[in-house]
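Coordinate analysis (summary)
The lines below spell out each chain.
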Amino acid sequence: MAEDKKFHVVVLGAGFGGLTFCKDFEHPQARITVVDRTNHHLFQPLLYQVAASGLSAPDIAQPVRSILSKRKDITVLLDQVTGFDLAQKKVFLEKNALDYDYLVLALGGHTGYFGHPEWEKFAPGLKTLDDALRIRSQILLAFEKAENEADIAEHDRLMTIVVVGGGPTGVELAGAFAELTRTVLNRDFRRIDPTQARIILLEGGPRILSHLPPDLSASAQRQLEALGVQVRPSTQVKNIREGEVELASGEIIHAGNILWAAGVI
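Here's a quick rundown of the structure. As the structure is a computational prediction, the values presented were derived from the model and not from experiment.

Here the focus is the packing of aromatic side chains. Tallying each qualifying case throughout the model produces 7 aromatic pairs. Ring geometry for Phe 7 and Tyr 102: centres 5.6 Å apart, planes at 80°, overall edge-to-face. Placement of the pair is Phe 7 in strand 1 (residues 7–12) and Tyr 102 in strand 9 (residues 102–105), with a sequence separation of 95 residues. Taking the relative accessible area as the measure of exposure, Tyr 102 reaches 52% and is therefore exposed. Each ring, one from Phe 21 and one from Phe 25, has its centre 5.1 Å from the other, and the planes form 15°; the classification is stacked. Each residue in the set Tyr 113, Phe 114, Trp 119 and Trp 260 is aromatic and connected to the rest through ring pairs, giving one cluster.

Structure below.
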């Protein structure tokens, strides 16, 4: 059958879902186009390690074209979806448009701020490599600034990291930053003591890792506290501003870095 007579499958997203489909689906009368806004597949479970300087970006990312290079029936496009015409079976991209016979949506989710999108600029989430690299840079820069800071209050603020959300991502981030400050950065500075950095994990529910049995949640909290993390369950956030987290209780926490790990949409 001629190439233009083959039915066209458009896959939007080259994450786990999109790539799994491409791996498992192969048909002699099909051609596949994969569209993603980045040119790499990301192993998201280890993003926190990049953010905490434990891994480099290439350790958890692989080019999509390389992954699919043996599949001659697959075309990879670096582009962004702008809209659909389902009646006409058409996907609109920033650079062009694609007609399809079958459409696979594997776009994933994005960080959710529970109706407060304005918090994003003060408390970044962790979904992409760019997020991880930006967080790592901001964390390290805060300690560099603290090394040169004479004002005690500002010094303490710069050495405070607040992680909002006690799910897997928040727990991993808090633990990784505790290890970073206590086993790595403690050797690198002369005027400050990174082991005295405050790592605060805020969770609105009664326990962290609420999807696990209570005994495992309790074990995780004990392990974090052994690393020096201040775990604060049943703590709701009222507002987030530049360098400040305001709690429902009225308490204000001043922090050089505030990270959001409280949910996705």
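Summarising the element assignment, Glu 246 is placed in strand 14 (residues 244–247). Judged by its relative accessible area of 16%, Glu 246 falls in the buried class. Excluding anything up to four places from it in sequence, Glu 246 contacts Val 237, Lys 238, Asn 239, Arg 241, Glu 251 and Ile 252.

Here the structure, examined in full by the defined rule, presents 9 salt bridges. Two residues, Glu 246 and Lys 238, come together in a salt bridge whose shortest N-O distance is 3.8 Å. For Lys 238, a relative accessible area of 52% gives the class exposed. Glu 246 serves as the salt-bridge partner of Arg 241, at 2.9 Å between the closest nitrogen and oxygen. Salt bridges sharing partners connect three or more residues here, namely Lys 238, Arg 241, Glu 244 and Glu 246.

This part covers helix 7 (residues 214–226). Given a rise of 1.5 Å per residue, 13 residues ought to cover 18 Å, and the 18 Å separating the end C-alpha atoms of helix 7 matches this to within 8%. If you check which residues of helix 7 are buried, you get Ser 217, Ala 220 and Leu 224. Looking down the long axis of helix 7, one finds its buried residues gathered within 60° of arc, a one-sided arrangement. Exposed positions of helix 7 whose direction lies more than 90 degrees from the buried face are Pro 214, Asp 215, Arg 222, Gln 223 and Ala 226. Those residues of helix 7 that are buried lie in contact with helix 6 (168–183), strand 11 (198–202) and strand 12 (229–232). Gly 228 sits one or two residues past helix 7 and shows a positive phi near 100°.

How each quantity is defined
- By convention here, each chain's residues receive numbers from 1 onward along its written sequence.
- Residues qualify for local features only when their pLDDT is at least 70, as the model is predicted, and side-chain atom pairs are given and counted only at 80 or more; totals for whole chains, interfaces and linings, by contrast, use all residues.
- With hydrogens and water stripped out, all remaining heavy atoms of the structure feed into the side-chain values.
- Centre distance within 6.5 Å is the pairing criterion for rings of Phe, Tyr and Trp, where only the six-membered ring of Trp is used; planes under 30 degrees apart are then read as stacked, over 60 as edge-to-face, and the remainder as tilted.
- Strands here are runs of E lasting at least two residues and helices are runs of H or I lasting at least four, both read from the DSSP assignment and numbered beginning at the N terminus.
- Only protein chains enter the accessibility calculation, which uses a 1.4 Å probe; a residue whose area is less than 20% of its type maximum is buried, one above 50% is exposed, and one in between is partly exposed.
- Only heavy atoms enter the contact rule, under which two residues are in contact if any of them lie within 4.5 Å.
- Here, a salt bridge means any Lys or Arg side-chain nitrogen found within 4 Å of an Asp or Glu carboxyl oxygen.
- A helix is expected to reach a length of 1.5 Å times the quantity of its residues less one.
- The arc in question is formed by the directions pointing from the helix axis toward the C-beta atoms.

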